[in-house]
Amino acid sequence: MTVRSAPRAEVRAAPVPRPPHRRYRPRANVPAGIGAAIWLVIVGLPLYYLVASSLRSRDAYLDAGPLSAPGTHVGNYGEVLGEGFVTYLVNNVVVTAGTVAIVLVLAAPAGYAIVRSRSRLVRTSFSVMLLGLAIPAQATIIPLYLLITRLHLYDSLLAIILPTAAFVLPMAILVLTSQMRDIPAELYESMSLDGAGPGLVLWRLVLPLSRPGLVTIGIYTALNAWNGFIFPLVLTQDPAVRTVTLGLWDFQGTQGTQNVPAVLAAVTLSLLPLLVLYLFGRRHLLGGLTAGFGK
Amino acid sequence: MAAVADRSARPGAIWAAPALVYFAVFALLPMALVVYLSFTRWNGLGSPHWTGLANWSYLLRDPQVIQSLKLSGILTAVTWAFQTAVSLPLGVWAAGPQRGRAVLSAVFFTPLLISSSGIAVLWKALLDPNFGLATIFGPWVGVDDGNFIGRPSLALWTIMAVISWQFIPFHTLLYQSATRQIPSVLYEAATVDGAGRFQQFRAITLPQLRHTIITSSVLMIVGSLTYFEVVLIITGGGPGAATRILPLDMYLTGFSAFQMGYASVLSVLLLAVGTALSLLIVRVTGYRRMTSQREGL
């Protein structure tokens, strides 16, 4: 880990002046640039509309055009928080933390076993897990509803956490195993020569050396849990266990067209935690978003 | 001696067991249960009643399912073509050395951070024909009154646009990171040989991105076959049944009409079509052969 990241830091610390023609630099790509600019408008306008309108008073929203300068009416945010969004945000934090905890606790030893175990059972179970990558969560909502009601978990945060973690698990294990395979065999050997058992090897060697992978799957899991909609939708109905995503829909249903600025303030509010994460850990966040697909 | 020490440190199957058991209970068991439920009648309360093939024979007579399959087919094909046509060049471009790229990416990738329901709620407000952004861009695209979701003929296209808006950033990100991994030596050599930009794109970039094109396509196709959150919130399947795609039909049949048995038939159908399509893509494109050549993953 430390050995590998060291050279990169060195390069960054000492920028060597280069002759201008040494590095290959393509000419500016004008048509692609124009295309990108168009896409920038297509993405940017709705986002501008979102933030600008969330800062208007109700009257200003109706009078001013949708693209006029943003208002300064922060009262919408207070209104949203007063409408139960504090509860929803707390629920989201619990769901996200619970899901991440389950996934990390299950995936780390499983990844270790898949990489190091000689058992055929482990290899078979890994293939089964990989098949799980292809199962769309939407297609299992009816049996999950049956399962969760039979377990007497309907209308609880655990009802959301349990299936969310299950559907993230295959990807988490896939990402972890590809990271754990990079740990040199000599390190395992020297630890076992010292008499360390599998538990100690996992704790002292595998976990510290797979930290980047653990961060990636943690973020991937957190994003899925934070933005999950389908499981809260079919497995809860009590406002006390409502999550933010469901709260947004419900809020639009009750406020509808009468108070669009407040609805949009709620959307902005739901996005804020991730935006903060994005600003402070862009690389980690983008890595977590694409997880195993980016390889 | 070394062999003994080595064996002592090898983890047994027990280390993978918790994850496997957990996955079996909450993902594999539901898969089996959905097949069982498709042979029952169940309204969500009480216990399912075995009815044999009744649901399955209704599938053949159900006029809605044909319509829903057709809508899902159109949605899948169009969003796949459109998203690929936009995200591939955009990703390749974004991998380049433009100035101000950090600012651009911040805008490009922000939709990735918004939840499906957030995006749907935003677009529903935005598409409001009286006060939304639709009043401005409607006339640009020939919809003068800005009423995009009120007309059956337009609603599906609008949904497809919103779904593309939501997922193009993700696929752009995939293409961007894959393009960055193409060795620049290839381009340098091609430049020396006098190949133009388009030739380079066709002869180097596209073949090098083959793997990513397949991954991205499978994700898009299976995704749009099963995804319905945005449709549920923006149109609820309407007007009429103009946007009642198959997964939404399944959800509404199950959780709105409480015909859980027949909805399970639709779930099995979704699972079967999704799996078959991804297997087909993998077969036709030789994806498996490619992955087996790569080490690591």
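Residues numbered from 1 in each chain as written. Chains lettered and ligands numbered in written order. Predicted model: local features only at pLDDT ≥ 70, side-chain atom pairs only at ≥ 80, totals over all residues.

S.K.: Outline the overall build of chain A, listing residues and values.
M.R.: Scanning chain A from terminus to terminus reveals 14 helices and 0 strands. The N-to-C order of helical and strand elements in chain A reads α-α-α-α-α-α-α-α-α-α-α-α-α-α. Taking all 295 residues of chain A together, the buried fraction comes to 46%. (Helix = DSSP H or I, 4+ residues; strand = E, 2+ residues; numbered from the N terminus. Buried ≥ 20, exposed ≤ 12 C-beta atoms within 10 Å, placed from the backbone.)

S.K.: Give me the overall build of chain B: which residues, what numbers.
M.R.: The helix and strand inventory of chain B stands at 15 helices and 2 strands. Taking the principal axes of its C-alpha atoms as reference, chain B extends roughly 75 × 70 × 30 Å. Taken over 297 residues, chain B has a buried fraction of 43%. The contacts of chain B with a sequence gap of at least 6 include a subset with a gap of at least 24, amounting to 66%. (Contact = placed C-beta atoms within 7 Å.)

S.K.: Pulling in residues and values, what's your account of helix α6 (residues 141–150) of chain A?
M.R.: Within α6(A), 8 of the 10 residues are buried, which leaves the element mostly enclosed by the surrounding structure. Along α6(A), the residues that are buried comprise Ile141(A), Ile142(A), Pro143(A), Leu144(A), Tyr145(A), Leu146(A), Leu147(A) and Ile148(A). Residues of α6(A) that are buried sit in contact with α7 (157–180) and α11 (230–235) of chain A together with α2 (17–37), α13 (246–255) and α14 (260–285) of chain B. Once α6(A) finishes, His152(A) follows within two positions and takes phi at roughly 60°, a positive value.

S.K.: I'd like a description of the nonpolar core, backed by residues and values.
M.R.: Residue and element names in this part refer to chain A. Of all hydrophobic cores here, the largest spans 163 residues; its most connected members are Val 103, Ala 107, Leu 169, Ala 172, Ile 173 and Ala 266. With 17 residues, the single largest contributor to this core is α7. Taken domain by domain, the makeup of this core includes at least three residues from each of domain 1 (31–73) and domain 2 (76–294). (Core = buried A, V, L, I, M, F, W, Y, C linked by C-beta atoms within 7 Å. Domains from an automatic or database assignment.)

S.K.: Requested: an account of the interface of chain A and chain B, with residues and values cited.
M.R.: Listed as interface residues are 88 residues of chain A and, on the opposing side, 83 residues of chain B. When residues in the side of chain A that touches chain B are grouped by element, the largest group, 12 residues, is from helix α2 (residues 30–54) of chain A. Grouping the amino acids of the side of chain A that touches chain B by side-chain chemistry returns 63 nonpolar, 19 polar and 6 charged. (Nonpolar A, V, L, I, M, F, W, Y, C, P; charged D, E, K, R; others polar.)

S.K.: Can you break down the domain arrangement of chain A residue by residue, with the values?
M.R.: Residue and element names in this part refer to chain A. Segmentation of chain A into domains returns domain 1 (31–73) and domain 2 (76–294). In this structure, domain 1 and domain 2 have C-alpha centres spaced 32 Å apart. With 9 residues of domain 1 in contact, the opposing surface of domain 2 contributes 8 residues. The set of elements that each furnish at least two residues to the side of domain 1 that touches domain 2 consists of α2 and α3 (58–63). With 4 residues, the top contributor of residues to the side of domain 1 that touches domain 2 is α2. Here the residues of the side of domain 1 that touches domain 2 sort into 3 nonpolar, 4 polar and 2 charged.

S.K.: Give a description of unusual backbone geometry that names residues and reports values.
M.R.: That bond from Gly238(B) to Pro239(B) is cis: its omega, -5°, falls within 30 degrees of zero. With respect to the element layout, Pro239(B) can be found in the loop between α12 (229–234) and α13. Residues other than glycine seldom take positive phi values, yet Asp155(A) does so here, at roughly 65°. Among the secondary structure elements, Asp155(A) is positioned in the loop between α6 and α7. Judged by local crowding, Asp155(A) falls into the partly exposed class, with 14 C-beta atoms found within 10 Å.

S.K.: Lay out the confidence of the model for chain A with the relevant residues and their values.
M.R.: Residues and elements named next belong to chain A. Averaged over every residue, the pLDDT of chain A is 84; the share at 70 or more is 89%. Note on residues 1–16: pLDDT is under 50 here. Beyond four places in sequence and across chains, it has 1 contact. Note that residues 18–23 has pLDDT below 50 and, in this model, 1 contact with residues that lie over four places away or in other chains. (pLDDT = per-residue confidence, 0-100.)

S.K.: Which residues make up the packing of α2(A) against helix α5 (residues 101–109) of chain B, and what are the values?
M.R.: Relative orientation of the contacting elements α2(A) and α5(B) amounts to 55°, with a least axis distance of 9 Å. Accordingly, the angle class assigned to the pair α2(A) and α5(B) is oblique. Regarding α2(A) and α5(B), the two cross each other, and that crossing is left-handed. Between α2(A) and α5(B), the contacting residues are Leu40(A), Val43(A) and Gly44(A) on the first element and Leu104(B), Val107(B) and Phe108(B) on the second. Residue classes in the contact of α2(A) with α5(B) are distributed as 5 nonpolar, 1 polar and no charged. (Axes fitted to C-alpha atoms, helices over the stretch in contact; angles between N-to-C directions. Parallel < 35°, antiparallel > 145°, perpendicular 65-115°, else oblique. Left-handed = near helix turned anticlockwise from the far one by under 90°.)

S.K.: Before we move on, can you summarise the confidence of the model for chain B with the specific residues and values?
M.R.: A low pLDDT score tells you not to read the predicted coordinates there in detail. Residue and element names in this part refer to chain B. Chain-level pLDDT for chain B is 87 on average; 92% of the residues reach the 70-or-more range. Counting interchain partners and residues more than four positions distant, the pLDDT-below-50 stretch residues 1–6 has 4 contacts. Below a pLDDT of 50 lies the segment residues 290–297, which in the model reaches 5 contacts outside its immediate sequence neighbourhood of four places, other chains included.

S.K.: So, helix α10 (residues 211–227) of chain A: which residues are in play, and what are the values?
M.R.: Note on helix geometry: an α-helix contains 3.6 residues per turn, so any two residues three or four positions apart are oriented the same way. With 17 residues, α10(A) should reach 24 Å at 1.5 Å per residue; the first-to-last C-alpha distance of 24 Å fits that figure. Among the 17 residues in α10(A), 13 count as buried, and that is most of the element. (Expected span 1.5 Å × (residues − 1).)

S.K.: Account for the packing of helix α4 (residues 63–94) of chain B against helix α11 (residues 210–226) of chain B, with residues named and values stated.
M.R.: Residue and element names in this part refer to chain B. Interhelical geometry of α4 versus α11 gives an angle of 150° and a closest axis separation of 9 Å. By the criterion of interaxial angle, the relationship of α4 to α11 is roughly antiparallel. α11 is crossed by α4, and the crossing has right-handed handedness. Packed against α4, whose contacting residues are Ser 72, Leu 75, Thr 76, Thr 79, Trp 80, Gln 83 and Thr 84, the element α11 presents Ser 216, Ser 217, Met 220, Ile 221, Ser 224 and Leu 225 at the interface. In terms of residue class, the contact of α4 with α11 is made up of 5 nonpolar, 8 polar and no charged.

S.K.: Requested: an account of the environment of Pro143(A), with residues and values cited.
M.R.: With respect to the helices and strands, the residue Pro143(A) is situated in helix α6. Aside from chain neighbours lying at most four places away, what touches Pro143(A) is Pro30(B), Leu33(B), Val34(B) and Leu37(B).

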